[in-house]
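The residues making up each chain are set out below.
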Amino acid sequence: PILLKGHEREVRRCVLKRKEGRSSRTMRPILLKGHERAITCVIFNRDGDLIFTASKDKVPTVWLSESGERMGTYVEHGGSVWHLDCSWDSRLLVSASADMQAKVWEVETGMELASFQHTGAVRSCTFDESGRRVLTMCDAFGAVELDRPPKVTIWEQDPLWGDELGTWRRAAEFHLGHPEASEVRCQLVRWMPLGKGILCAFEDGVVKIMDPLTFEQRATFKAHESKITSFVWNEPYRCFALTSSADFTAKLWDVETWECLKTYRSDRPLNACVFSPTKEHVLLGGGQDAMSVTTTSTKGARFETQFYHLVYEEEFGRVKGHFGPINALAIAPDGKSFCSGSEDGYIRLHHFDPDYLDMPDPVPDDDPNEDAEASSQ
C-alpha cells in the first residue's frame, strides 16, 4: 500500500479520478512459467483454446489460452525440442528434437503414438492439411565421410483416410547439401498449400520449392540477405507468406508468383513473425543475439514485440516485457490474444484490450512531394 499524507484531521471521503484520455482497462500479460530453459516454439491450435510450447528443456507443454493454466506435458524427449505442430483437428501433436527423433503425441492423453528416427538433430516438423502426413528435416551429423547428411523426410499414416489412427511409415525422403562440403545449411521446411510442394529455407536467405513426388527443384529465389528464421502463412487462405530474417527485415510474399509485395524494416535481428487474422497487422519479434545479452541493457537489446501495418509497412506499436530475445510468436485464430516466447524461459500471454480491438486503421497522410510531382505531370 502507498500511504498518502496531507490532511491534519480525519478523511471522510476519497475520490479517485481517472486521467483523461486513458482507458480504465490495460493489457496485462499472463506469465506462463513451466519451462526451465529458453523457449523455442509457441503455437495455438486451430480452435484457439490451447497453446503448445517447446523449449530447450526437453518437455513440450500444453496450456489453456483463456487463463494460462498448464494442462499437461508430453514426456519426454532426450534433447532440446526445436519445433512443434498441431493437426487441424487438435488430435495429434508432432515435436522435433535434438535427440534425433520426431514424435507424434495424442493431444488429449499425452500418449506417445510414434517416434521417427533420424540421423541428426530434427529442426523442423509440420503436418499437412489432412493431419495424416508429417514433413520433417534433420541436420547433418559429423563429417561427410560418416554419410549422415541433412535429410527431408515424409511420414504418413497407413491408411491415409478414416477416423482411426493407423501406423506411421516413412513414405519418402531426399538429401540436402552437407555443410561440411561447403553447402548451405537448411533452416526450416514447410508444406506448400494442399501438399503440392515442399518449401526449404536456407541459411543464406535462399528459398527453394521442391516437388513432393520427384524432389526436383521447381523454383528458387533469394528472399533475404541473411538466414531465414521464420516462415508463416496467412491462415486459413495461404495465398500470402511472411518471412523474417537476421538481416533486420520481414517480407510479405505472393505465393503464386513469389513476388515480394512488402518489406518491414526493423532495428534488430528478427526471429519470429506472424499475421493478425482479423486486422491488417504484422507482429515481429527478435532482439540481440542471445550470446551477447548479458553485456547489454534490455533497452539497448530491443526485446519488444513490434506491430506493423500490413499495407503501409509502418510500425505503430510495441509490447515490451521480456529480458531476452524473442524466439517465437503466435496469435490466436480469433485475433484477440497473442503469445511471445523468449530466451528468458517465459511465455507472455497477452489478451488484447478494447483499445486495440476497436482501433480503426488510419490512412497515412499523403506525401506532399508526391502530390506536387503528380500535379506537375
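Since the model is a prediction, treat every value here as computed from it, not as a measurement.

Here's the deal with the overall build of the chain
Consideration 1: Counting its secondary structure elements, the chain contains three helices and 28 strands.
Consideration 2: Taken over 377 residues, the chain has a buried fraction of 48%.
Consideration 3: Pairs at least 24 residues apart make up 44% of the contacts formed inside the chain by residues separated by at least 6 positions.
Consideration 4: Total accessible area on the chain is roughly 20100 Å²; 48% of this is exposed by carbon and sulfur atoms.

Thoughts on the sheet that holds strand E5 (residues 70-73)
Consideration 1: Across the sheet, which stays open at both edges, the four strands sit in the order E2-E3-E4-E5 with antiparallel pairing between neighbours. Each having just a single partner strand, strand E2 (39-44) and E5 make up the two edges of the open sheet. Within the sheet, the average angular offset between the axes of one strand and its neighbour, ignoring direction, is 20°.
Consideration 2: Bridge analysis of strand E3 (residues 50-55) against strand E4 (residues 61-64) gives four bridges, and the strand direction is antiparallel. Within E4, the position partnered with Ile51 by the bridge is Trp63.

Here we look at the nonpolar core
Consideration 1: Core analysis: the biggest nonpolar cluster contains 15 residues, and Met192, Leu199, Val207, Phe231, Trp233, Ala241 and Trp258 have the highest contact counts within it.
Consideration 2: Only strand E15 (198-202), strand E16 (206-210) and strand E18 (228-233) provide two or more residues apiece to this core.
Consideration 3: Residue contributions to this core peak at three residues, all from E18.
Consideration 4: Contact partners of Trp233, with chain neighbours within four places excluded, come to Trp191, Met192, Pro193, Arg238, Phe240, Ala241, Val255, Trp258 and Phe275.

Here we look at a nonpolar patch on the surface
Consideration 1: A surface patch of nonpolar side chains, about 240 Å² in accessible area, is lined by Met111, Leu113 and Leu165.
Consideration 2: As for its placement among the helices and strands, Leu165 is situated in the loop between strand E12 (151-158) and strand E13 (167-175).

Here we look at the confidence of the model for the chain
Consideration 1: Confidence in the prediction for the chain averages 88 pLDDT; 86% of positions are at 70 or higher.
Consideration 2: Within the chain, no element has a lower average pLDDT than helix H1 (residues 298-301), which sits at 54, and none a higher one than E2, at 98.
Consideration 3: Of the regions scoring below 50 in pLDDT, residues 15-24 engages in three contacts with residues more than four places distant in sequence or in other chains.

Let's talk about the pattern of salt bridges
Consideration 1: Counted by the stated rule, this structure contains 18 salt bridges.
Consideration 2: Linked through salt bridges whose partners overlap, the residues forming this network are Asp267, Arg268, Arg302, Glu304, Glu315 and Arg318.

Observations concerning the pairing of strand E8 (residues 101-106)
Consideration 1: The element E8 is largely enclosed, with a buried count of six among its six residues.
Consideration 2: The alternating pattern of E8 places Gln101, Lys103 and Trp105 and Ala102, Val104 and Glu106 on opposite faces, both of which are buried.
Consideration 3: Counting the residues between successive antiparallel strands, the hairpin from strand E7 (residues 92-97) to E8 contains three residues, one of them, Met100, with a positive phi of roughly 70°.
Consideration 4: Here E8 pairs with strand E9 (residues 112-117) via five bridges, running antiparallel. Note that in E9 the partner of Lys103 across the bridge is Ser115.
Consideration 5: Where E8 hands over to E9, the hairpin turn is made up of five residues, of which Gly110 adopts a positive phi near 80°.

Here we look at the environment of Glu256
Consideration 1: As for its placement among the helices and strands, Glu256 is situated in the loop between strand E20 (249-254) and strand E21 (260-265).
Consideration 2: The exposed category is assigned to Glu256, whose relative accessible area is 72%.
Consideration 3: Residues Glu256 and Cys239, spaced 17 residues apart in sequence, show a C-alpha to C-alpha distance of 7.3 Å.

Topic: the sheet that holds E15
Consideration 1: Strand order across the open sheet formed by four strands is E14-E15-E16-E17, with antiparallel pairing between neighbours. Pairing within the sheet leaves two strands with one partner each, and these edge strands are strand E14 (186-191) and strand E17 (217-222). Sheet twist, expressed as the average angle between the axes of neighbouring strands with direction ignored, equals 15°.
Consideration 2: Across four bridges, the pairing between E15 and E16 is antiparallel.

A look at the packing of aromatic side chains
Consideration 1: In the structure shown here, the tally under the stated rule is 14 aromatic pairs.
Consideration 2: Measuring from centroid to centroid gives 4.6 Å for Phe174 and Phe215, while their planes differ by 35°, and the two rings are tilted. Within this pair, whereas Phe174 is found in strand E13, its partner Phe215 is found in the loop between E16 and E17, the two being separated by 41 residues in sequence.
Consideration 3: On the basis of relative accessible area, Phe174 is assigned to the buried category, the value being 9%.
Consideration 4: Through a chain of ring-to-ring contacts, the aromatic side chains of Phe307, Phe316, Phe338, Phe352 and Tyr356 assemble into a single cluster.
Consideration 5: It is Arg123 that lies over the ring of Trp82; its NZ or CZ is 4.2 Å from the centre.
Consideration 6: Positioned above the aromatic ring of Phe202, the side-chain terminus of Lys208 is 5.0 Å from the ring centre.

Thresholds applied
Here, residues in each chain are numbered from 1, in the same order as that chain's written sequence. It should be noted that, the model being predicted, local features are given only for residues of pLDDT at least 70 and side-chain atom pairs only at 80 or more, the latter also being counted only at that level, while totals for whole chains, interfaces and linings use all residues. Based on all heavy atoms of the structure, the side-chain values leave hydrogens and waters out of the count. We count a stretch as a helix when DSSP gives it H or I for four or more residues in a row; a strand needs E for two or more, and each element gets its number in order from the N terminus. Only protein chains enter the accessibility calculation, which uses a 1.4 Å probe. A residue is then buried if its area is under 20% of the maximum for its type, exposed if over 50%, and partly exposed in between. What makes two residues a contact is simply this: any of their non-hydrogen atoms within 4.5 Å. Only the protein chains shown count as covering a residue, and every accessible area follows the Shrake-Rupley method with a 1.4 Å probe. When DSSP finds two or more bridges between a pair of strands, those strands are recorded as paired. Lines fitted to C-alpha atoms define the axes, with helix axes restricted to the stretch in contact, and inter-axis angles between N-to-C directions lie between 0 and 180 degrees. Throughout this description, the term nonpolar core refers to a set of buried Ala, Val, Leu, Ile, Met, Phe, Trp, Tyr and Cys residues connected via side-chain atoms within 4.5 Å. Patches here are clusters of residues that have more than 30% relative accessible area and form no salt bridge, with a 9 Å joining cutoff for like charges and a 5 Å cutoff for nonpolar side chains (Val, Leu, Ile, Met, Phe, Trp, Tyr). Should a side-chain nitrogen of Lys or Arg be within 4 Å of a carboxyl oxygen of Asp or Glu, the pair is scored as a salt bridge. Residue-level confidence of the predictor, termed pLDDT, takes values from 0 up to 100. By convention, a stacked pair of Phe, Tyr or Trp rings (six-membered ring in the case of Trp) has centres within 6.5 Å and planes under 30 degrees apart, an edge-to-face pair has planes over 60 apart, and any other such pair is tilted. Counting as a charge over the ring demands two things of the Lys NZ or Arg CZ atom: a distance within 6 Å of the ring centre and an angle within 35 degrees of the ring normal.

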